[in-house]
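What follows is each chain in one-letter form.
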Amino acid sequence: MDLALVPGSANYALAEAVAELVGEPLVECVREVFHDSEQHVEIRETMRGRDVYVVQPTSPPVDSHLMELALLGDAARRAGAGRITAVVPYFGYARQDRRATGREPVTARIAAEFIEDYFDRVISVDVHTSSFEGLFRIPVEHLSAVPVLAEAARPLRSPESVIVAPDLGAVKLAERYAVILEMPVAIVRKRRISAEEVTTGGVVGDVAGRAPIIVDDMISTGGTIAAAIETLTDAGCATEITVLASHGLFVGPAVKRLGGCGARRITVTDSVVVPGDLGLPVHVASVAGLIADAIVRLHGDRSLADLIAHG
Ligand code: R5P
């Protein structure tokens, strides 16, 4: 089967970087958005019998990018593709994976159901929910950007560094960083008040005089990271504060919250487009190599075992 890399519009630069590493040109696609906000896509190359990878994070605007992903999958299927994989480096809606307070939908499942008819398989990176794979009826390859981010942080660590999970949900992630970087772990006790507001209840672990490396799957409105930094500072941590997050959305009040929060460096990946003019100390570590490696191995029916996020 011939390989075909189909770019969505959500992160064209990442698709280009992946194409460069895979050594295949991107397939030409056109996308129109009509005045009524409906979208139309067209793939301008044959898909007949090909092993197709549609690269499209469902980053904000989430609904529109999710729809475009489904449209590209359907277009490839109807054009006779042999096998179609959704490459979704950031999977929106993943945080809504259970009913928290009562009469709510399991939105992550709906997002999965919405796309699974158009694809044979999904690849994603550091998805918030550990139940991600179980949301789909089709096979899921859940990759981890932890090694990429840990290597980006390695030159910054010191004997006094400590990995910090900004909430209980990030403890397993923190442990993965701790193993790679050989550091102890501390945990901030976070409580979410609303979708955009959090409060904390102290730190578990020794952070006094230590340089924290706070790790999370994503930065959305920045509330979690800002609250963690405030708590760590109150607990007497050193001023060299580093943040590592797989997905940097920086939406809503994120720039204001993180602007004066004291983080010396915030490293995220290019799973979603990170604007260059945020005015924050943001560095970007690319997951293009990780994704290209996964695509090349899948195309050759080779194992992904060492690229997979466990736990
Ligand atoms: C939630 O548990 C996630 O792991 C992140 O901590 C959270 O989604 C980040 O969102 P925000 O930046 O809005 O606090």
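Residues numbered from 1 in each chain as written. Predicted model: local features only at pLDDT ≥ 70, side-chain atom pairs only at ≥ 80, totals over all residues. Heavy atoms only, no water.

Peer 1: Could you clarify how one ought to interpret the sheet that holds strand β8 (residues 161-165) in this entry?
Peer 2: Whether parallel or antiparallel, the strands of a sheet pair through hydrogen bonds between backbone atoms. Within the open sheet, the seven strands sit side by side as β10-β9-β8-β11-β12-β13-β14. Their pairing is mixed. The open sheet has two free edges, formed respectively by β10 (198-204) and β14 (282-285), since each of these has just one partner strand. When the angles between neighbouring strand axes are averaged without regard to direction, this sheet yields 25°. The pairing of strand β11 (residues 211-219) with strand β12 (residues 241-248) spans six bridges and is classified as parallel. Paired with Ile-213 across the two strands is Thr-242, which belongs to β12. (Pairing = 2+ DSSP bridges. Helix = DSSP H or I, 4+ residues; strand = E, 2+ residues; numbered from the N terminus. Axes fitted to C-alpha atoms, helices over the stretch in contact; angles between N-to-C directions.)

Peer 1: Got a minute to help me understand unusual backbone geometry in this structure?
Peer 2: One can expect most non-glycine residues to show negative phi and most peptide bonds to be in trans. Cis geometry is adopted by the peptide bond preceding Pro-61, which originates at Pro-60 and carries an omega value of -5°. Here Pro-61 lies in the loop between β4 (51-55) and α2 (62-78). The phi dihedral of Phe-250 is positive, around 50°, even though this residue is not glycine. Turning to its location among the elements, Phe-250 is positioned in the loop between β12 and α8 (254-259). For Phe-250, a relative accessible area of 8% translates into the label buried. Unlike most non-glycine residues, Asp-301 shows phi in positive territory, near 55°. (Buried < 20%, exposed > 50% of the residue type's maximum accessible area, 1.4 Å probe, protein only.)

Peer 1: In this structure, what is going on with the site of the ligand? I would like to understand it.
Peer 2: In the vicinity of the ligand there are 14 residues, among which Arg-95, Asp-216, Asp-217, Thr-221 and Thr-224 approach most closely. Separating an oxygen atom of the ligand from a side-chain N or O atom of Arg-95 is a distance of 2.7 Å. Against a free-state accessible area of 370 Å², the protein chains account for coverage of 93% of the ligand. Residue assignment for the shell around the ligand shows that the elements contributing at least two residues are β9 (185-192), β11 and α7 (223-234). (Near = heavy atom within 4 Å. Polar contact = N/O pair within 3.5 Å; in protein donor to acceptor, adjacent residues only side chain to side chain. Areas by Shrake-Rupley, 256 points an atom, 1.4 Å probe, with all protein chains shown as cover.)

Peer 1: What is the right way to read the sheet that holds β4 from this model?
Peer 2: As summarised here, the arrangement of the five strands in space is β1-β4-β5-β6-β7, forming an open sheet in which the pairing is parallel. If you trace the sheet from one side to the other, it starts and ends with β1 (3-7) and β7 (140-143), each paired once. Neighbouring strand axes in the sheet, compared pairwise and without regard to direction, differ in orientation by 20° on average. Pairing of strand β6 (residues 121-125) with β7 involves four bridges; the strand directions are parallel. Looking at β7, one finds that Ser-124 is bridged to His-142. Strand contacts of helix α1 (residues 12-22): β1 and β4, with the helix running at about 160° to β1, the strand carrying the most contacts. On top of the sheet, α2 reaches β1, β4 and β5 (83-88); it is set at about 165° to β5, its chief contact. (Contact = heavy atoms within 4.5 Å.)

Any functional reading would require information beyond the geometric quantities listed.
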